[in-house]
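# Overview (structure and organization)
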Amino acid sequence: MIDEDNYDFSFSGLKSAFINTVHHADQIGETLDKNDLAASFQASVVDVLMSKTLRVLKQYPVKQLVLAGALRPIAAYVNVFNAIYQRRFQTPNSFWRH
């Protein structure tokens with residue numbers, strides 16, 4: 001996904017791999033750490049989103065970027081942007097605090 005030469009943000013392959021990992025662990029009696037699984041899944045999604053978003057921003061003269069979706073993943077995504085650009089982008093929660 002991350003190396004594909006497109007701007008497709010589908011995560012069906014990642015979701016399938018995640019489900020297969022969980023099912024395989026169940027079949028062999030292995031216990032997986034749910035917190036680790038969730039964090040790894042989120043990190044993988046953020047990596048793909050960042051990679052593809054940065055490619056879009058380099059290719060097109062974008063003046064504004066709007067992120068929508070679940071708040072926790074968006075916050076992780078925004079934190080990566082803040083680290084890369086060394087500025088303060090806002091999470092959706094910051095708009096509702098005023």
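Residues numbered from 1 in each chain as written. Predicted model: local features only at pLDDT ≥ 70, side-chain atom pairs only at ≥ 80, totals over all residues. Heavy atoms only, no water.

## Comments concerning the overall build of the protein chain
From N to C terminus, the protein chain includes four helices and zero strands. For the protein chain, the sequential pattern of α-helices and β-strands runs α-α-α-α. Expressed as a percentage of the 98 residues in the protein chain, the buried residues total 20%. Long-range contacts, defined here as pairs at least 24 residues apart, represent 64% of the contacts in the protein chain between residues at least 6 apart. (Helix = DSSP H or I, 4+ residues; strand = E, 2+ residues; numbered from the N terminus. Buried < 20%, exposed > 50% of the residue type's maximum accessible area, 1.4 Å probe, protein only. Contact = heavy atoms within 4.5 Å.)

## Remarks on the nonpolar core
Membership of the largest hydrophobic core is limited to ten residues, which are Phe-11, Leu-14, Val-45, Val-46, Val-48, Leu-49, Met-50, Ala-76, Tyr-77 and Phe-81. Counting only elements with at least two residues in this core, the list comes to α2 (34-59) and α3 (71-85). Looking at this core, the element that brings in the most residues is α2, giving five residues. Not counting residues up to four positions away in its chain, the partners in contact with Met-50 are Tyr-77, Val-80, Phe-81 and Ile-84. (Core = buried A, V, L, I, M, F, W, Y, C linked by side-chain atoms within 4.5 Å.)

## Some words on the packing of aromatic side chains
Following the criterion strictly, the structure yields one aromatic pair and no others. Aromatic side chains Phe-18 and Phe-41 sit 5.3 Å apart centroid to centroid with 70° between the ring planes, which places their arrangement in the edge-to-face category. Here Phe-18, found in helix α1 (residues 12-28), pairs with Phe-41, found in helix α2; they are 23 residues apart in sequence, far enough to count as distant. (Phe/Tyr/Trp six-rings, centres within 6.5 Å; stacked < 30°, edge-to-face > 60°.)

## Some words on α2
Its 26 residues give α2 an end-to-end C-alpha distance of 38 Å, which sits within 8% of 38 Å, the value for a rise of 1.5 Å per residue. Of the residues flanking the start of α2, the one acting as N-cap is Asp-33, its side-chain oxygen 2.8 Å from the backbone nitrogen of Asn-35. (Expected span 1.5 Å × (residues − 1). Polar contact = N/O pair within 3.5 Å; in protein donor to acceptor, adjacent residues only side chain to side chain.)

## So, the side chain of Thr-53
In this fold, Thr-53 is placed in helix α2. Residues within four places of Thr-53 in sequence aside, it is in contact with Phe-9, Leu-65, Tyr-77 and Phe-81.

## Some thoughts on the confidence of the model for the protein chain
Predicted coordinates in regions of low pLDDT should not be interpreted in detail. Of all residues in the protein chain, 76% have pLDDT values of 70 or greater, and the mean over the chain is 77. In the model of the protein chain, helix α4 (residues 92-96) stands out as the element of lowest mean pLDDT, 48, in contrast to α1, which has the highest, 90. (pLDDT = per-residue confidence, 0-100.)

## Digging into the packing of α1 against α2
Their axes nearest at 11 Å, the elements α1 and α2 cross at an angle of 160°. Considered as vectors, α1 and α2 are oriented roughly antiparallel to each other. In the packing of α1 onto α2, the handedness of the crossing is right-handed. Between α1, through Leu-14, Lys-15, Phe-18 and Val-22, and α2, the contact on the second element is made entirely by Leu-37, Phe-41, Ser-44 and Val-45. (Axes fitted to C-alpha atoms, helices over the stretch in contact; angles between N-to-C directions. Parallel < 35°, antiparallel > 145°, perpendicular 65-115°, else oblique. Left-handed = near helix turned anticlockwise from the far one by under 90°.)

## Quick look at α1
Its 17 residues place the ends of α1 24 Å apart at the C-alpha level, agreeing with the 24 Å of an ideal helix rising 1.5 Å per residue. Trailing α1 by a residue or two, Gly-29 shows a phi angle of about 75°, which is positive.

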